[in-house]
Amino acid sequence: MRWSDIPMETRHYILYHTIISPLLITWYMLPMYMFMTGYTILEIGIIFTLVHILSIPATCAVGRIFDRIAIRHGLVLIDALDGVSAVLYGLAYGPIAPLMLFLGLLIEDIARIFYPLYQAAERILYPEDRMEEVFAWHIRLPEISQLIGFLILGYIFGYVFNAPYHYRVGFIIFGLSSIFTITYLLKFLPRLDVKERTSVEKFVFRIDREFRLILLIEALDTLAWSIAPGIVLLNYIVNVLGMTLFEAMVVEASISVGAILATYISERVSQEHRFEAIAVGYLLVSLWALIMSLEPSFILVVVAYFIARFGEILAFPFYRSWIFSKIPRDKASSILSALSSYRRLIALVSPAIAGFLASIRPTLPYLASLLLFITSSTTLIAYKFKFKET
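Residues numbered from 1 in each chain as written. Predicted model: local features only at pLDDT ≥ 70, side-chain atom pairs only at ≥ 80, totals over all residues. Heavy atoms only, no water.

1. Observations regarding the overall build of the chain
In terms of regular secondary structure, the chain is built from 19 helices and zero strands. For the chain, buried positions account for 57% of its 390 residues. Contacts in the chain between residues far apart in sequence, at least 24 positions, make up 87% of those at least 6 positions apart. Of the roughly 16100 Å² that the chain leaves accessible, carbon and sulfur atoms contribute 70%. (Helix = DSSP H or I, 4+ residues; strand = E, 2+ residues; numbered from the N terminus. Buried < 20%, exposed > 50% of the residue type's maximum accessible area, 1.4 Å probe, protein only. Contact = heavy atoms within 4.5 Å. Areas by Shrake-Rupley, 256 points an atom, 1.4 Å probe, with all protein chains shown as cover.)

Laid out in C-alpha cells, this is it:
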C-alpha cells in the first residue's frame, strides 16, 4: 500500500505519532535520572507501583466519558498532561525533588488512562478492508523517527550533557514541546465525535470464544511485558554493564530496525494465517527473553531486542485487527478503555515485582517473562489446531 493511497486524515494521524515518537525518550531519561540521583531499581519499581495504584480507579470512567465527546479532546489532554509531568520532572531538585518526581509520575500515569483513545481513533480512521497495511505505515514512520531521534538525543544526554542538571533542563524543553503537538492535533485531526463514531453499520458486541481467548492472551502478554520493563533494561546496561543512556538508545535503535523490517514482512502475510503470524511473533519474543535471562553481552542485548521487536511487530497488525473485528466503532472508547483497565489491573504491581527480581539478579525478570510468553504462544497454537478458525 502506497502512502498516497491512505486517506488524508489517517496520514495526519500517523504523522502526529511520527512527530512525538522521539519525545518518548523521557521514558528512559526519567529512570536514568533517578539512578543518577541515588534511587535503586527496587525503589524505582515500588514508586512506579504506588503511582499505578493511585491512578487506576479512573480508567473505566474515561471510556464512558469519551463515548459522548470528541476523541480529539482526549488526545489533546494526553499531550497536555505529559507536558506538565515532564516540566515537573525538570523541577525535581533539592528537598522538593521526591515530591516533584512523584507528582510528575502520577500525572503521567493519569495521562496513560486516556491511551485507549489512540486505539479508538485508529478504529475509526483506519479503513477496515486494509487495516493491516495501514498499521504497517503506522508503525514504520514513527519507528524511523524514533530511530533517528533516540540516537541523537541518547548521545547528547549520554555523553555531552549528562549531568542531572542537564536532564532537568531537557525535561522542561520536552514538556514545553507539547504546545506544538497540541496545536497540530487541533489543526489537522478531525474531532472524532459522537456522530462520526455512530454513523457505521450495526454491530452486536458479544464476549464469544475468541474474545475470551483475547482476554487470556492480553493477561499473559501484559504480565510478560510489564515484568521486564524498560527500567530493567536500563538497570542492566547502566548498573551491570557500566554503560550510558546512549548505549540504551542503541538498543532502542535495534528495536526500531526490527520493527521497520517486520512491517514489510507482515504486509505479505495473508489474513488466513493470522494466528500463525501472532504465534510466531510471540515465539520470537520468547527467544528475546531467553537470551536476556542468560546475562548477555551488550552485542547480544542489541540482537535480542531486535528479535523481540521484530516478533512483536510481526504479530501486531493481525492481533490489533483481530481485536478491532470484535469491537463496534460506536463503543470503541468504552470497550478499549475497559481492556486498558483490565491490563492495568493485571500489571498493577509488576514494577515492584520487576524491581524486586532485578535486585536479586538483574536478568531474573526476563526468565519470568519467558515462561509467560511461551504460555501465550502455545495457547494460540493450541486454539488454532483445535478450532481451525481464522
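2. Quick notes on helix H16 (residues 298–324)
Compared with the 39 Å implied by 1.5 Å per residue over 27 residues, the 38 Å span of H16 between its first and last C-alpha is a close match. A bend of about 40° at Phe 316 is the largest found in H16, and the proline Pro 317 appears one to four places after it. With 22 of 27 residues buried, H16 lies mostly within the body of the structure. (Expected span 1.5 Å × (residues − 1). Bend = angle between axes of the 7 residues up to and from the residue.)

3. With respect to the confidence of the model for the chain
In this model, the chain carries a mean pLDDT of 87, and residues with pLDDT of at least 70 account for 88%. Of all secondary-structure elements in the chain, the lowest mean pLDDT belongs to helix H11 (residues 194–198), at 50, while helix H9 (residues 164–176) reaches the highest, 98. Every residue in residues 198–205 is under pLDDT 50, and counting partners more than four places away or in other chains gives twelve contacts. (pLDDT = per-residue confidence, 0-100.)

4. Section: the nonpolar core
Ranked by internal contacts, the top residues of the largest apolar core, which has 60 residues, are Val 251, Trp 288 and Tyr 305. Not counting the four nearest positions on each side in its chain, Trp 288 is found in contact with Trp 225, Ala 228, Ala 304, Tyr 305, Ala 308, Tyr 366, Ser 369 and Phe 373. Counting 56 residues, the second-largest nonpolar core is a separate cluster that includes Ile 6, Leu 75, Val 76 and Leu 339. (Core = buried A, V, L, I, M, F, W, Y, C linked by side-chain atoms within 4.5 Å.)

5. Side note on the packing of aromatic side chains
Inspection of every chain in the model, using the stated rule, returns 21 aromatic pairs. Ring geometry for Tyr 89 versus Phe 171: centroids 5.5 Å apart, planes at 65°, classification edge-to-face. Within this pair, whereas Tyr 89 is found in helix H5 (residues 71–90), its partner Phe 171 is found in helix H9, the two being separated by 82 residues in sequence. The same class applies to Tyr 89 and to Phe 171, which are both buried. Geometrically, the ring pair formed by Phe 157 and Tyr 167 is edge-to-face, given 5.5 Å between the ring centres and 70° between the ring planes. Here Phe 157 is found in helix H8 (residues 131–160), whereas its partner Tyr 167 is found in helix H9, with ten residues between them in sequence. (Phe/Tyr/Trp six-rings, centres within 6.5 Å; stacked < 30°, edge-to-face > 60°.)

6. Comments concerning the packing of helix H1 (residues 8–20) against H8
It is at 8 Å that the axes of H1 and H8 come closest, and there the two elements cross at 30°. The orientation of H1 with respect to H8, classified from their angle, is roughly parallel. Crossing hand, H1 versus H8: right-handed. Packed against H1, whose contacting residues are Thr 10, Tyr 13, Ile 14, His 17 and Thr 18, the element H8 presents Val 134, Trp 137, His 138, Leu 141, Pro 142 and Ser 145 at the interface. (Axes fitted to C-alpha atoms, helices over the stretch in contact; angles between N-to-C directions. Parallel < 35°, antiparallel > 145°, perpendicular 65-115°, else oblique. Left-handed = near helix turned anticlockwise from the far one by under 90°.)

7. So, the packing of helix H3 (residues 41–55) against helix H6 (residues 97–113)
Angle between the axes and distance between the axes are the two parameters that describe a pair of packed helices. Following both chains from N to C, one finds H3 and H6 inclined at 50°, their axes separated by 9 Å at the closest point. By the angle between their directions, the pair H3 and H6 is classed as oblique. For H3 against H6, the interelement crossing comes out right-handed. In this structure, H3 contributes Ile 47, Phe 48, Leu 50, Val 51, His 52, Leu 54 and Ser 55 to the contact, and H6 contributes Phe 102, Leu 105, Leu 106, Asp 109, Ile 110 and Ile 113.

8. A word on the pattern of salt bridges
Pairs may arise between side chains of opposite charge once their charged atoms sit close together. Counted according to the given criterion, the structure contains seven salt bridges. The partner of Glu 312 in a salt bridge is Arg 309, and the shortest N-O contact between them spans 3.0 Å. Here Glu 312 pairs with Arg 309, and both are found in helix H16, just three residues apart, close to one helical turn. Given a relative accessible area of 28%, Glu 312 falls into the partly exposed group. Sharing partners across several salt bridges, the network here consists of Glu 143, Arg 309 and Glu 312. (Salt bridge = Lys/Arg side-chain N within 4 Å of Asp/Glu carboxyl O.)

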